[in-house]
Each structure stands twice: as structure tokens, then as C-alpha cells.
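One letter stands for each residue in the lines below.
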Amino acid sequence: MPAADLPLLVDAARMAGRVATSFVGPSARRWDKPGDAGPVTEADLAVNDMLMSTLRTARPDYGWLSEETEDSDARLGQDTVFIIDPIDGTRNFVEGGRTWAISIAVAHAGEVTAAAIFLPMHDKLYAAGLGAGATLNGAPIRASSAPMSPDSTVLAARPSFDDKNWIGPTPDMERHYRPSLAYRLALVGEGRFDGMLTLRPTWEWDIAAGALIVAQAGGKISDREGVPLLFNNQRPTLNGVVAAGDALHGPLVGRLVPQSA
């Protein structure tokens with residue numbers, strides 16, 4: 001299944017990049033989603049429409065979960081689903097930034113089997129297939145093997161490093177940030193950063209593709225409690241995410257305050 005789906009996802013990601021870059025972020029029409037859910041632009045919707053047409057035509061028996069498509073229970077009855085974020089990092093796109101990404105994944109029975117993350121403004125295409133490794137622009141990538149130390153580099157929003165989230169003192173590590181969750185995960189898979197974490201409830205479409213890229217690059221990924229991730233849930237959210245190289249993942253999870261505490 002991954003071997004068959006991965007070329008489709010890679011081609012679709014590049015096509016989506018061409019659609020997205022045909023819009024100029026700051027001048028693209030935009031709206032604010034209800035419930036303070038963030039902005040959406042005409043570019044998000046155009047990419048979503050293109051991906052839906054391309055991917056569902058190629059795989060009509062797959063379910064569909066996308067940030068920009070109204071969700072329904074239909075996908076829950078399908079073993080295999082596409083999980084899509086047409087533009088991850090929409091605020092960055094609107095601001096004319098360069099670190100937004102297109103995130104496309106296929107999940108079968110809750111496990112991601114094929115994934116592509118494309119950053120059109122950097123021409124960086126990350127891809128992974130279950131059992132087939134992870135790549136950046138076709139070259140193999142590998143997650144960091146570094147243990148926890150003051151030199152550890154971790155991608156996280158500032159609130160994640162509040163003292164209340166940690167057992168004992170907050171770990172002494174270098175905190176960095178990128179606006180796209182998908183890109184943060186890809187950077188961990190690439191080994192450019194040792195780990196990433198987000199402690200809030202997190203939408204599946206932000207995480208699905210990056211989860212496979214991290215795992216196939218030799219890293220580890222779980223929710224904030226260390227529980228393995230499963231996708232295509234009735235409510236498509238995860239209990240935070242911790243991703244890192246093998247030597248860092250366990251210590252990171254072990255230092256986090258349990259939610260029940």
C-alpha cells in the first residue's frame with residue numbers, strides 16, 4: 001500500500017504547491033474561522049479543492065479528513081483515509097512568510113502508511129512510506145541520536161516551556177520555533193533539531209504526515225503521555241505530541257507533568 005500511495009502523494013504535494021504559490025499571501029482573500037480557530041484564505045480552499053479532486057479520483061474508496069472540509073462520520077467506516085492540511089501555517093502564509101507547508105498523509109487502520117510534506121517556498125519535499133524510510137528531496141534522512149543535554153535543540157511554542165508543565169525544573173534545552181507543526185516534525189526527522197513538542201490538543205491533520213516521517217527516520221513519536229498515536233479518530237485530535245530522536249524522546253516524556261496530576 002505505501003509503495004502505491006507514496007508517488008501519488010508526492011505528485012499531489014508538488015501540484016498543491018503550484019496552486020498555493022499562484023496566490024500572494026498578504027493579498028489573498030481571508031476569513032477568520034468561528035470559535036477563534038484561526039484564519040483561512042482562498043489559497044487554503046483552492047489547494048483543498050485540487051487535492052480532493054486529484055486524490056479522491058485516484059483512490060475513490062479512501063475516506064477524507066481535511067482541515068478545510070466539513071467533517072462527517074463517513075470516514076469512520078473506511079479502513080483507509082487521506083488526512084490533509086492544505087496549508088499548515090496559514091498565518092505565516094498570510095504574512096508573506098516562507099515556512100508554511102502542505103501536509104498529506106494516508107492512514108490505514110489508524111496507522112499512517114504514506115506521507116508527504118512540501119514547503120514550496122524552500123523547494124523542500126519530505127516523504128516517507130511505512131517500512132521504506134524517510135527522505136528529503138529524494139535523499140535519505142535520519143533523526144538525531146543526541147541525548148538530553150543543555151545543547152539539545154527542541155522546537156516548541158513558548159508556553160510549552162512553562163514550569164507548570166515539567167516535573168522539577170524546566171529542562172535546560174535550546175528552544176526554537178517554526179509556525180508549521182508539520183514542518184517542525186519534518187525537521188526532527190531530518191535531524192536538524194533533536195525534538196519537538198506541543199502540549200495542547202492537536203488536530204490530526206497537523207501531525208499525520210510528520211508522524212510517519214519522524215518514525216521512518218528512526219525517531220520516536222507519541223502523545224504527551226507517551227501513548228502511541230492513532231489516527232482517524234471520531235474527534236480527530238491527539239493529546240499533544242512529543243517527537244524526538246530515540247535517546248531524547250523517553251527523557252522528554254518522562255519529565256512532563258501527567259495531565260491527571
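Report follows, based on the coordinates. All values reported here derive from a predicted model rather than from experimental measurement. (Residues numbered from 1 in each chain as written. Predicted model: local features only at pLDDT ≥ 70, side-chain atom pairs only at ≥ 80, totals over all residues. Heavy atoms only, no water.)

Take the overall build of the protein chain next. Of the regular secondary structure elements, the protein chain holds 6 helices and 16 strands. Restricting to contacts in the protein chain with at least 6 residues of sequence separation, those with at least 24 account for 60%. Total accessible area on the protein chain is roughly 11,000 Å²; 52% of this is exposed by carbon and sulfur atoms. Here the protein chain holds 23 positive side-chain charges and 31 negative ones, and the gap between their average locations is 4 Å. (Helix = DSSP H or I, 4+ residues; strand = E, 2+ residues; numbered from the N terminus. Contact = heavy atoms within 4.5 Å. Areas by Shrake-Rupley, 256 points an atom, 1.4 Å probe, with all protein chains shown as cover. Lys, Arg positive; Asp, Glu negative; His and termini not counted. Charge placed at Lys NZ, Arg CZ, Asp CG, Glu CD.)

Pairing in this open sheet of 5 strands is mixed, and the strands run β11-β10-β12-β16-β14 from one edge to the other. Two strands bound the open sheet, and with one partner strand each, they are β11 (174-176) and β14 (220-222). The mean inter-strand angle of the sheet, taken between neighbouring strand axes irrespective of direction, is 20°. In the packing of helix α6 (residues 246-255) onto the sheet, the strands contacted are β10 (153-155), β12 (195-198), β14 and β16 (241-244), and the crossing angle to β16 comes to about 150°. (Pairing = 2+ DSSP bridges. Axes fitted to C-alpha atoms, helices over the stretch in contact; angles between N-to-C directions.)

The subject of this paragraph is the packing of helix α4 (residues 181-190) against helix α5 (residues 204-216). Following both chains from N to C, one finds α4 and α5 inclined at 5°, their axes separated by 8 Å at the closest point. On the basis of their axis angle, the class for α4 and α5 is roughly parallel. On α5, the residues that touch L181, A182, L185, A186, V188 and G189 of α4 are D206, I207, G210, A211, I213 and V214. Here the contact of α4 with α5 is composed, by residue class, of 9 nonpolar, 2 polar and 1 charged. (Parallel < 35°, antiparallel > 145°, perpendicular 65-115°, else oblique. Nonpolar A, V, L, I, M, F, W, Y, C, P; charged D, E, K, R; others polar.)

As a rule of thumb, nonpolar side chains are buried together in soluble globular proteins. By size, the foremost hydrophobic cluster in this structure holds 40 residues, and its most contacted members are I117, Y126, I207 and F231. Sorting the residues of this core by element identifies β4 (80-88), β5 (101-108), β6 (111-119), β7 (124-129), β8 (134-136), α4, α5 and β16 as the ones contributing at least two each. By residue number, the principal contributor to this core is α5, which donates 8 residues. In this structure, L9, A12, A13 and L51 belong to the second largest nonpolar core, which totals 27 residues. (Core = buried A, V, L, I, M, F, W, Y, C linked by side-chain atoms within 4.5 Å. Buried < 20%, exposed > 50% of the residue type's maximum accessible area, 1.4 Å probe, protein only.)

Take α6 next. Among the residues making up α6, those that are buried are L248, H249, L252 and V253. Buried residues along α6 cover an arc of 125° about the axis, so they all sit on one side. (Arc of directions from axis to C-beta.)

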